[in-house]
Amino acid sequence: MDNRIIIFDTTLRDGEQSPGCSMTVEQKIQMAEQLERLNVDVIEAGFPIASDGDFEAVKKISQQIKECTIAALARTKKEDIDRAWEALKYARKPRIHTFVATSDIHLEHKLRKTREEVLSMAVEAVKYAKTLTNNVEFSAEDAVRSDIDYLCEVIGAVIEAGATVVNIPDTVGYSIPNEFGEMIATIRRKVPAVDNIILSVHCHNDLGLAVANSIAAIQNGAGQIECTVNGIGERAGNASLEEIVMVLRTRKDFLNCETDVVTTEIYRTSRLLTNLTGMYVQRNKAIVGENAFAHEAGIHQDGVIKNSKTYEIMSPQSIGIPESVLVLGKHSGRHALAKRYAELGYKLSNEELNEAYKRFTDLADKKKSIYDADLIAILQDEIQTIPETFVLEKLQVISGSHLTPTASVKLRRGEKLMEDSSIGDGPVDAVYKAIDRITKINGKLMSYSIKGVTTGKDAMGEVLVQIECNGSSYVGRSASTDIIEASAKAYLNAINKAVYK
């Protein structure tokens, strides 16, 4: 068995079938160019018979991409194959990929054909495709739920008809690794002609086992893996390209296999797909998730600072991320805090670090995220020594294009609750005037800024205000998914500093 595994990327075909992942022709071309930089072996560019858009995408990608094999999907129908070839004929390395289901459940309920009829369809399709190009792939849809003897009969027949690649899909993500590996081994044992072609697998993730099944297939002789960037695809998706590639790279000692993928392009490819489709990967997604190289636990941070291999089995640089992230939170340790202060330009003595760490952990119990401004404020004795004289208890704002902005504010000072209302030029102005009425402090607003500190429509908004009071300047900040609330708390933060001084 050749120890080089062929990576067949179907992001632009199967991946795009994932709900919400549709791409324009231009976006498909942009993604194909990045897949070429990633150096995948095969790009399945689309299903030309499906739509004019898919046809145009396959045609333009075929014209533009020079290094990768370009594949197009076709059913075992002459019109499908003709349409695929019409789009593919411009490619330097074209491949027609034809398929038909082989499981009894598909034959009976979907195709309504006999095994003999399907066998004939498969053979005739491969023979016809072979007259157009030498590179023909055949897929036995729902192979995992097919009768193994019948499946082997079909595989042998399409190889004899001229197929150069035979793909064994787990179309519905039903198999488990030992079972799938044994299936591949059985096919190799019962169909000797498989040794003369490329045996491929295409695993879906309905049970979360797509990558594990793909690895089991490699261990039993599969030479090509069909996968997608970020694991997108029908239902629960496909085997994740980045996971497959990095498993083979990281555990080459055990699997003795490798790919030609340029792994330093993995993260860039993942981010591009996210930007094109709007489908974000989960934070704890293997390899490309935001937390994949992030450490918050103090013990882990200490280990990573001393030697990254203590808690990282691969480097972030190997997939194109500049460095690991030490997330400062309530689980962080002194070493991580000292490192971040050093990066900010502060060299602390042990006594200063111990005092800062105490204040940091107290703050981390109250806040989910700790920002650099918070760390600097800790050093300036502004976190613990400024008591909250006024605390926001309740806020209600009414505003609109044809309404006068009105705010009702309830503050607590010790055990006393105070409430007042005001109108303003806008909702924030109304809130600030109501606060002034309650506190009897008229802070002059010198500056006001807001920025998003997270992504998405539910992003956190961080508000920074500067007020002037009795000739002195005070800065207040707060963050919330409600920018009016954040504005109120930032203003109160500055007012409380004024009261304390």
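Preceding this paragraph is the structure being described.
Residues numbered from 1 in each chain as written. Predicted model: local features only at pLDDT ≥ 70, side-chain atom pairs only at ≥ 80, totals over all residues. Heavy atoms only, no water.

*Asks:* Is there a simple way to explain the sheet that holds strand β7 (residues 198-203) in this structure?
*Replies:* Whether parallel or antiparallel, the strands of a sheet pair through hydrogen bonds between backbone atoms. Spatial ordering of the closed barrel is given by β1-β2-β3-β4-β5-β6-β7-β8, a layout of 8 strands whose pairing is parallel. When the angles between neighbouring strand axes are averaged without regard to direction, this sheet yields 25 degrees. Inspection of the sheet shows strand β1 (residues 6-9) paired to strand β2 (residues 42-46) by 2 bridges, in the parallel sense. Within β2, the residue paired with Phe8 across the bridge is Val42. Across the face of the sheet, helix α5 (residues 115-130) comes into contact with β4 (94-101) and β5 (136-141) while running at roughly 170 degrees to β4. Its contacts with the sheet place helix α6 (residues 148-161) against β5 and β6 (165-170), and it is angled at close to 155 degrees to β6. (Pairing = 2+ DSSP bridges. Helix = DSSP H or I, 4+ residues; strand = E, 2+ residues; numbered from the N terminus. Axes fitted to C-alpha atoms, helices over the stretch in contact; angles between N-to-C directions. Contact = heavy atoms within 4.5 Å.)

*Asks:* Would you take a moment to explain the packing of helix α1 (residues 25-38) against helix α2 (residues 52-64) for this structure?
*Replies:* The geometry of a pair of packed helices is captured by two quantities: the angle between their axes and the separation between those axes. For the pair α1 and α2, interaxial distance at closest approach is 9 Å and the crossing angle is 35 degrees. Crossing hand, α1 versus α2: right-handed. Residues Val25, Lys28, Ile29, Ala32 and Glu33 of α1 form the contact with α2, whose participating residues are Gly53, Asp54, Glu56, Ala57, Lys60, Ile61 and Gln64. (Left-handed = near helix turned anticlockwise from the far one by under 90°.)

*Asks:* How do you make sense of α1 when you look at a structure like this?
*Replies:* Quick reminder: α-helices carry 3.6 residues per turn. Residues three or four places apart thus point the same way. In this model, α1 (14 residues) spans 20 Å end to end at C-alpha, consistent with the 20 Å of a helix rising 1.5 Å per residue. In this structure, the buried side of α1 is in contact with β1, β2, α2, α9 (241-250) and α11 (266-277). (Expected span 1.5 Å × (residues − 1).)

*Asks:* Even after reading the chapter, I still don't get the packing of aromatic side chains, so can you show me in this structure?
*Replies:* The geometry of an aromatic ring pair is captured by the separation of the ring centres together with the interplanar angle, meaning the angle of the planes. Evaluation of the coordinates by the stated rule reveals 2 aromatic pairs. Pairing Tyr432 with Tyr491 gives two aromatic rings, centres 4.0 Å apart and planes at 15 degrees, and the pair type is stacked. In this pair, Tyr432 sits in helix α16 (residues 427-439) while Tyr491 sits in helix α17 (residues 483-500), placing the two residues 59 residues apart along the sequence. Take Tyr432: its relative accessible area is 6%, and that puts it in the buried class. Given a relative accessible area of 1%, Tyr491 falls into the buried group. Note that Arg83 overlies the ring of Phe55, its terminal NZ or CZ placed 3.8 Å from the centroid. (Phe/Tyr/Trp six-rings, centres within 6.5 Å; stacked < 30°, edge-to-face > 60°. Buried < 20%, exposed > 50% of the residue type's maximum accessible area, 1.4 Å probe, protein only. Lys NZ or Arg CZ within 6 Å of the ring centre and 35° of its normal.)

*Asks:* What's the story with a nonpolar patch on the surface in this structure? I'm lost.
*Replies:* Nonpolar side chains collect at one region of the surface, where Leu445, Tyr448, Ile450 and Ile483 lie side by side and expose about 330 Å² of accessible area between them. Along the chain, the position of Tyr448 falls in strand β14 (residues 444-452). Tyr448 gets classed as partly exposed once you look at its relative accessible area, which sits at 35%. (Patch = residues over 30% accessible without salt bridge, like charges linked within 9 Å, V, L, I, M, F, W, Y side chains within 5 Å. Areas by Shrake-Rupley, 256 points an atom, 1.4 Å probe, with all protein chains shown as cover. Salt bridge = Lys/Arg side-chain N within 4 Å of Asp/Glu carboxyl O.)

*Asks:* I would appreciate a short explanation of the packing of helix α8 (residues 210-219) against α9 in the present structure.
*Replies:* Where α8 meets α9, the closest approach of the two axes is 10 Å, and the angle between their N-to-C directions is 45 degrees. Classified by the interaxial angle, the pair formed by α8 and α9 is oblique. In the packing of α8 onto α9, the handedness of the crossing is right-handed. Facing α8, whose interface residues are Val211, Ser214, Ile215 and Ile218, α9 presents Glu243, Ile244, Val247 and Leu248. (Parallel < 35°, antiparallel > 145°, perpendicular 65-115°, else oblique.)

*Asks:* Any chance you could explain the pairing of strand β3 (residues 69-75) here in plain terms?
*Replies:* Taken residue by residue, a regular strand's side chains alternate between the two faces of the sheet. Among the 7 residues of β3, 6 are classified as buried, and the element is accordingly described as predominantly covered. Two strands pair when backbone bridges link them, and β2 and β3 are joined in this way by 4 bridges, in the parallel orientation. Bridge assignment links Gly46 to a residue of β3, and that residue is Ala72. Handedness of the crossover joining β2 and β3 through α2: right-handed. Bridging between β3 and β4 involves 6 bridges; their strand directions are parallel. Of the residues in β4, the one forming a bridge with Leu73 is His97. (Right-handed = clockwise from strand over helix to strand, strands pointing away.)

The values are spatial; any link to function lies outside them.
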